[in-house]
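Results of the structural survey
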Amino acid sequence: LHLVASMLACPAPVELAVAPLPASAAAELEAWIDAMDEELPPLDHFILPGGGRLGAELHRARTVCRRAERHVVALSRHADVPAPVRVYLNRLSDFLFTAARLANRREGLEEEAWPGE
């Protein structure tokens, strides 16, 4: 996330003191998501965030990540935002969602379906 912040804080002409976020970072998250998905039942409905403490904290982290993603999309309308940043934030929020589901499953907690269905 520090790389993401540095890429957003520095205009393109500025040379960063650290290497930029590698394009493979999102693919790495995707591989972790796929590995976690192997332990989870497929989703056929929306679920409510929550569960155990770890699951709830991961859901909260996902909420913060989604908010950051929305701000970055808004920023991209006015400034040049590197595509890897947008992709990474999107994949990170999916990773956090899947990690929350897995944490709750490992605690033996059932997922609560969203009542709107």
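Let me sum up the structure you'll find in this document.

As a further point, take the nonpolar core. Judged by nonpolar contacts, the single largest core of 22 residues is most densely connected at Val85, Tyr88, Leu92 and Phe95. Elements represented by at least two residues in this core include exactly helix 1 (2-9), helix 2 (24-37), helix 3 (53-76) and helix 4 (83-106). Ranked by the residues each element gives to this core, the list is headed by helix 4, at 10 residues. Sequence-distant contacts of Phe95, that is, excluding residues within four places in its chain, are made with Leu29, Trp32, Ile33 and Met36.

Taken N-terminus to C-terminus, the directions of helix 2 and helix 4 make an angle of 20°; their axes are 9 Å apart at the nearest point. By the criterion of interaxial angle, the relationship of helix 2 to helix 4 is roughly parallel. In the packing of helix 2 onto helix 4, the handedness of the crossing is left-handed. In contact with Ala25, Ala26, Leu29, Glu30, Trp32, Ile33, Met36 and Asp37 of helix 2, helix 4 contributes Val87, Tyr88, Arg91, Leu92, Asp94, Phe95, Thr98, Ala99, Arg101 and Leu102. Split into classes, the residues belonging to the contact of helix 2 with helix 4 amount to 12 nonpolar, 1 polar and 5 charged.

Further remarks concern the environment of Ala35. Checked against the element boundaries, Ala35 lands in helix 2. According to the relative accessible area criterion, Ala35 is partly exposed, its value standing at 43%. Sequence spacing of Ala35 and Thr98 is 63 residues, and the spatial spacing of their C-alpha atoms is 10.0 Å.

Turning our eyes to something else, we now look at the side chain of Arg101. Positionally, Arg101 belongs in helix 4. Among the residues examined, Arg101 registers a relative accessible area of 5% and is labelled buried.

About the thresholds
Residues numbered from 1 in each chain as written. Predicted model: local features only at pLDDT ≥ 70, side-chain atom pairs only at ≥ 80, totals over all residues. Heavy atoms only, no water. Core = buried A, V, L, I, M, F, W, Y, C linked by side-chain atoms within 4.5 Å. Buried < 20%, exposed > 50% of the residue type's maximum accessible area, 1.4 Å probe, protein only. Helix = DSSP H or I, 4+ residues; strand = E, 2+ residues; numbered from the N terminus. Contact = heavy atoms within 4.5 Å. Axes fitted to C-alpha atoms, helices over the stretch in contact; angles between N-to-C directions. Parallel < 35°, antiparallel > 145°, perpendicular 65-115°, else oblique. Left-handed = near helix turned anticlockwise from the far one by under 90°. Nonpolar A, V, L, I, M, F, W, Y, C, P; charged D, E, K, R; others polar.

The values are spatial; any link to function lies outside them.
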